Amino acid sequence: MVKANTTVSEVFMQSLNNAYGSKRNFEKELVYRAYQYGNKGRLYFGINKLLNFTMYPACLKEENRNSIPLLECNLDVCDIANFIEDIDYTKLSKAYLQVRSLIQS
């Protein structure tokens, strides 16, 4: 379990780097997935019960019911580039840490 005094973004960024290589690669993957799904509907970024990151569209939400969404982008009203610019990694990392502690307990 991660201690409360640990820098939250440091723990999250380490996990993100392990999964995608870097923050930039994570953002590239978001763009790739948005265009892969036709830039329509909702795109979710979440964490599954095995603490692995997942990205999936709303049409696959039922199949990913074991995944807890950390981010949601409605591609019908939001451009993916603007969405990426507006990501608050501090809030995202806090959500990640909360979900991670719930899964581990």
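Residues numbered from 1 in each chain as written. Predicted model: local features only at pLDDT ≥ 70, side-chain atom pairs only at ≥ 80, totals over all residues. Heavy atoms only, no water.

Describing the nonpolar core
Proteins that are soluble and globular tend to have nonpolar side chains buried together.
Then step 1. Of all hydrophobic cores here, the largest spans 25 residues; its most connected members are L16, F26, F45, F53, L70, I80 and I87.
Then step 2. Among the secondary structure elements, those contributing two or more residues to this core are helix 1 (8-20), helix 2 (23-36), strand 1 (42-48), strand 2 (53-57), strand 3 (67-74), helix 3 (80-85) and helix 4 (89-104).
Then step 3. Among the elements that line this core, the one with the most residues is helix 4, at five residues.
Then step 4. Once you skip the residues sitting within four places of it in the chain, I80 turns out to touch L30, V31, A34, Y35, L43, C73 and L75. (Core = buried A, V, L, I, M, F, W, Y, C linked by side-chain atoms within 4.5 Å. Buried < 20%, exposed > 50% of the residue type's maximum accessible area, 1.4 Å probe, protein only. Helix = DSSP H or I, 4+ residues; strand = E, 2+ residues; numbered from the N terminus. Contact = heavy atoms within 4.5 Å.)

Some points on the pattern of salt bridges
Then step 1. The full count for this structure, using the stated rule, is three salt bridges.
Then step 2. E29 serves as the salt-bridge partner of R33, at 2.8 Å between the closest nitrogen and oxygen. Note that R33 and E29 are positioned in helix 2 at a spacing of four residues, about one turn of the helix.
Then step 3. Here E72 ties to R42 by a salt bridge, and the two come within 2.4 Å at their closest N and O atoms. Of this pair, E72 sits in strand 3 while R42 is found in strand 1, placing the two residues 30 residues apart along the sequence. (Salt bridge = Lys/Arg side-chain N within 4 Å of Asp/Glu carboxyl O.)

Considerations on the sheet that holds strand 3
Then step 1. Spatially, the three strands line up as an open sheet ordered 2-1-3, and their pairing is antiparallel. Every other strand in the sheet has two partners, leaving strand 2 and strand 3 as the edge strands with one partner each. Each neighbouring strand pair of the sheet contributes to a mean axis angle of 25°, computed without reference to strand direction.
Then step 2. Packing of helix 4 onto the sheet brings it into contact with strand 1, strand 2 and strand 3, and relative to strand 3 it is tilted by some 155°. (Pairing = 2+ DSSP bridges. Axes fitted to C-alpha atoms, helices over the stretch in contact; angles between N-to-C directions.)

All quantities given are derived from atomic positions and should not be read as evidence of function.
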